[in-house]
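# Working through the structure, step by step
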Amino acid sequence: MERKRQLSAFIKKEFRHIFRDRRSMLILLVMPIIQIILFGFAITTEVKNARVAVFDPSNDTATQHIINRINASEYFDIEYYPQQLESVNQLFQEGNIRLAILFTDHFEERLRHTGDAAVQLLADATDPNQAGMLVAYASNILAACQQEWMEEYAAPLQIVPEIRMLYNPQMKGAYNFVPGVMGLILMLICAMMTSIAIVREKEMGTMEVLLASPMRPGYLIFSKVVPYFSLSMVNLMTILFLSVFVLGVPVSGSLFWLLIASFLFITVALSLGILISTIVRTQVAAMLISGMALMMPVMLLSGMIFPVENMPLLLQLLSHAVPAKWFILSVKKLMIQGLPVHYVRKEFGILAFMAILFISVSIKNFKVRLT
């Protein structure tokens, strides 16, 4: 009986210890809810509501029937009707569309008189899996329309889709995962390792000794950050070297601006690492926060593996706060698509804003916590 009372007392003590630690409660009860929601909605290979542009110089009954069928599909969302072919290329470069459907002149007339009409399907193949599915869905709709008209006119008709995969004609998977791996590795080295290194000094009690030295706290933090910045640059050059010479992914655009984009992202990741170190006191907590709050969003919400456009609206909005998303977009535009730097002004501006914000907040918090 006495042993039962002792066991019960120890169990109650452990429960009280857990309930007093709010961070442990968040990890034990809240984190599983967040994970199941993220994994349940973010992990999907389906393609839905892909943004499409339609160039229709014919504008006849046949093309309108096809356009209506495509727009009625859950896979496509026709948002643009450009009047010039040059505008289609512009839409791809700005990242506004994933697929373009180009009809020929006098489409219905050719279909009825010659029994043959051509449609060109242009897909953004920086994500080859998504591009392949979009082309397949569009081709199936064209085939269904062709079958309807063959039965209606009792004549052999043929709609031949001409398919072009832009930026990645060989459909190499490396074109898609190299930018994502760059973002993941740089975030791992910069944020997680920096936060753990600084917290380790606090946990061992040596940070107060360092702060008591004549050197200013800012210089001490800077000295902690520089090695990880250097290692990140080495990793960046290694990834680029292997991508070009082993995986066959060329740097199609400016190497200089690609390095600038990487520099901005590394700065953001380092400031996040410092910010985490001001919030937690132990290395375990720093690793958990880095893994849960940084690594999981990078993998799920940055577009590294799963297209953000296919996710629910709430997750799409949350993805805007993930720095890796903007870095991956800029790398794809500069490295894969080979676009000029003015096409990544938005991504550069957001990364620069995040860097300034996180640096300001982390430095302020660090001074408050350690002085």
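### Some thoughts on a nonpolar patch on the surface
Taken together, the side chains of Phe-177, Phe-241, Leu-242, Phe-245, Val-246 and Leu-247 present a nonpolar region at the surface, about 620 Å² in accessible area. Element by element, the count of residues in the nonpolar patch is highest for helix H9 (residues 217-245), at three residues. Relative to the elements of secondary structure, Leu-242 occurs in helix H9.

### Some details on the sheet that holds strand S3 (residues 99-103)
Read across the open sheet, the five strands follow the order S2-S1-S3-S4-S5; overall the sheet is mixed. Across the chains shown, the open sheet's two edge strands, defined by having one partner strand only, are strand S2 (76-80) and strand S5 (158-166). In this sheet, adjacent strand axes meet at a mean angle of 30 degrees when their direction is disregarded. In this structure, strand S1 (residues 50-55) lies alongside S3, joined through four bridges in parallel fashion. Note that in S3 the partner of Ala-53 across the bridge is Ala-100. Along the sheet, helix H3 (residues 61-72) makes contact with S1, S2, S3 and S5, crossing S2 at roughly 120 degrees. Along the sheet face, helix H4 (residues 85-93) touches S1, S2, S3, strand S4 (116-124) and S5 and points at about 170 degrees away from the line of S3.

Rules and cut-offs
- Residues numbered from 1 in each chain as written.
- Predicted model: local features only at pLDDT ≥ 70, side-chain atom pairs only at ≥ 80, totals over all residues.
- Heavy atoms only, no water.
- Patch = residues over 30% accessible without salt bridge, like charges linked within 9 Å, V, L, I, M, F, W, Y side chains within 5 Å.
- Areas by Shrake-Rupley, 256 points an atom, 1.4 Å probe, with all protein chains shown as cover.
- Salt bridge = Lys/Arg side-chain N within 4 Å of Asp/Glu carboxyl O.
- Helix = DSSP H or I, 4+ residues; strand = E, 2+ residues; numbered from the N terminus.
- Pairing = 2+ DSSP bridges.
- Axes fitted to C-alpha atoms, helices over the stretch in contact; angles between N-to-C directions.
- Contact = heavy atoms within 4.5 Å.

Keep in mind that these numbers describe shape and distance, not what the molecule does.
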